[in-house]
Amino acid sequence: MKYGRELTLFLVLVALMVAAAMLEPRFVTFRTQALLAAHSWELALVAIPMLLIIIAGGIDLSIGAMVALSAVTLGLLHERGVSPMLAASGGLVVGLVCGVVNGWLIARTRVHPLLITLASMAAFRGIAEGISTARPISGYPETLLSLSAGWKPALLFVIVAAAAHVVLTRLRWGRWIVAIGTDEKVSRFSKIPVDRVKLMLYSACGLLCGLAGVLLVARNNTAKADLGMGMELEAITAVVLGGASIEGGKGSVLGLVLGLVLIHETRQFASWHWRQSELNLLVIGGLLIVAVLFDRISARRAKS
């Protein structure tokens, strides 16, 4: 069944919402859902490039650190009197530069992306802490805070997700991404520009991490070096839960969206019902284990 994974996720999501409606009727109201959704768009934005990177057989563990460094850059520029939009642009540029560094190192050295991005995660987070002296930077004007107001972040996500869907399903680049994730050696022999594709994917990831950092600052009115902590785990969980193979070569934007919604609703309901935000990590870890097991079982059935 072509959309079997997506259908399963949808049915699980429906069951969750029915159970939530029975246990906590206020949780499923439009007002509550709209308020809770405001906390999810930054993760949703960085999960899109993570999907493409994983389909291409890679991974990026540095997205949370890139978000933090972009946010801190914005904050420091604002402190020095730079205009809000120019400071936000500075955050985007720093995110892009971080992504280019990741992509260039991965393409040139051909070291596994896990090792490269693990090292860059520590480096970017350390730079963010060092230049900010580990202090929060607050007090931004309404011009900047308005960037996260209303449904603007949601609209940004829809645009990015639609673009990613078009790339994967309609463009040659999408076929290249899938081919690289399926077999990189064969892709190189087939004259696919593997290194260029990787550079573009990690650069796009850095740019969107910069955008997520700007939106986090606008939503929280604070820039600090621990922003985005654990975001990479949540993004990977959403990607794998949505049906993408951690080994590469398979994945869809629709599956990712359903995975993101299921993670969001599950963790928010757990916090809402049991009044313990500490359950979030348990929820994410549990969903990741379930996703990996489901992926393994599906792969074995496909081979048999």
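Because the structure is predicted, anything quoted here is derived from the model rather than measured.

Draft legend 1. Summary view of the overall build of the protein chain. Looking only at helices and strands, the protein chain has 14 helices and 2 strands in total. A principal-axis box enclosing the C-alpha atoms of the protein chain has dimensions of 60 × 55 × 30 Å. Counting the 304 residues in the protein chain, one finds 49% classified as buried. In the protein chain, once contacts between residues fewer than 6 apart in sequence are set aside, the share between residues at least 24 apart is 78%. Accessible surface for the protein chain amounts to roughly 14,900 Å². Of this, 68% is attributable to carbon and sulfur atoms.

Draft legend 2. Inspection of a nonpolar patch on the surface at higher detail. Together, L7, F10, L11, V14, V18, M22 and L23 make up an exposed nonpolar region whose accessible area comes to about 680 Å². Considering the arrangement of structural elements, one finds V18 in helix 1 (residues 4-23). A residue is classified by how much of its surface remains accessible, and V18, at 45% relative accessible area, is partly exposed.

Draft legend 3. A look at the packing of helix 3 (residues 41-55) against helix 12 (residues 231-241). Where helix 3 contacts helix 12, the axes come no closer than 9 Å and their chain directions differ by 60°. It follows that helix 3 is oblique to helix 12 by the angle criterion. Helix 3 and helix 12 meet at a crossing whose hand is right-handed. The residues of helix 12 that touch helix 3, namely those facing E42, L43, V46, A47, M50, L51 and I54, are M231, E232, E234, A235, I236 and V239. Residue classes in the contact of helix 3 with helix 12 are distributed as 10 nonpolar, no polar and 3 charged.

Draft legend 4. View of the packing of helix 8 (residues 152-170) against helix 9 (residues 172-182). It is at 5 Å that the axes of helix 8 and helix 9 come closest, and there the two elements cross at 75°. Taken together, the axes of helix 8 and helix 9 are roughly perpendicular relative to one another. Where helix 8 abuts helix 9, its residues V167, L168 and R170 lie against R172, W173, G174, R175 and I177. A per-class count over the contact of helix 8 with helix 9 returns 4 nonpolar, 1 polar and 3 charged.

Draft legend 5. Structural context of helix 12. When you tally the buried positions in helix 12, you get 10 out of 11 residues, the bulk of the element. Every buried residue of helix 12 is accounted for by M231, E232, E234, A235, I236, T237, A238, V239, V240 and L241. One or two residues past the end of helix 12 sits G243, with phi positive at roughly 110°.

Draft legend 6. How the structure looks around the packing of aromatic side chains. Taken as a whole and assessed by the stated rule, the structure comprises 3 aromatic pairs. Plain terms: the ring middles of F27 and F269 are 5.4 Å apart, the flat faces sit at 70° to each other, and that makes the pair edge-to-face. In this pair, F27 sits in the loop between helix 1 and helix 2 (30-37) while F269 sits in helix 13 (residues 253-274), placing the two residues 242 residues apart along the sequence. Using a relative accessible area of 0% as the deciding quantity, one classes F27 as buried. Residue class for F269 comes out buried when judged on its relative accessible area of 7%. With centroids separated by 5.9 Å and ring planes inclined at 40°, the aromatic side chains of W41 and F157 adopt a geometry described as tilted. Here F157 lies in helix 8 and W41 lies in helix 3, a separation of 116 residues in the sequence. Here the two residues W41 and F157 agree in accessibility, since each one is buried.

Draft legend 7. Spatial organisation of the side chain of Q268. Mapped onto the secondary structure, Q268 falls in helix 13. Residue classification places Q268 among the buried residues on the basis of a relative accessible area of 18%. When near neighbours in sequence (up to four residues on either side) are disregarded, Q268 contacts F27 and L36.

Draft legend 8. The arrangement of the pattern of salt bridges in detail. If you walk through the whole model with that rule in mind, you get 7 salt bridges. With a shortest N-O distance of 3.1 Å, E42 and R219 are connected by a salt bridge. Of the two residues, E42 sits in helix 3 while R219 sits in helix 11 (residues 194-220), which places them 177 residues apart along the sequence. Residue classification places R219 among the partly exposed positions, given a relative accessible area of 25%. We note a salt bridge from D195 to R188, for which the minimum N-O separation is 3.0 Å. Residue classification places R188 among the partly exposed residues on the basis of a relative accessible area of 24%. Bridged by salt links that share partners, the residues R110, E184, R188, D195 and K198 form one connected network.

Definitions and cut-offs
Residues numbered from 1 in each chain as written. Predicted model: local features only at pLDDT ≥ 70, side-chain atom pairs only at ≥ 80, totals over all residues. Heavy atoms only, no water. Helix = DSSP H or I, 4+ residues; strand = E, 2+ residues; numbered from the N terminus. Buried < 20%, exposed > 50% of the residue type's maximum accessible area, 1.4 Å probe, protein only. Contact = heavy atoms within 4.5 Å. Areas by Shrake-Rupley, 256 points an atom, 1.4 Å probe, with all protein chains shown as cover. Patch = residues over 30% accessible without salt bridge, like charges linked within 9 Å, V, L, I, M, F, W, Y side chains within 5 Å. Salt bridge = Lys/Arg side-chain N within 4 Å of Asp/Glu carboxyl O. Axes fitted to C-alpha atoms, helices over the stretch in contact; angles between N-to-C directions. Parallel < 35°, antiparallel > 145°, perpendicular 65-115°, else oblique. Left-handed = near helix turned anticlockwise from the far one by under 90°. Nonpolar A, V, L, I, M, F, W, Y, C, P; charged D, E, K, R; others polar. Phe/Tyr/Trp six-rings, centres within 6.5 Å; stacked < 30°, edge-to-face > 60°.

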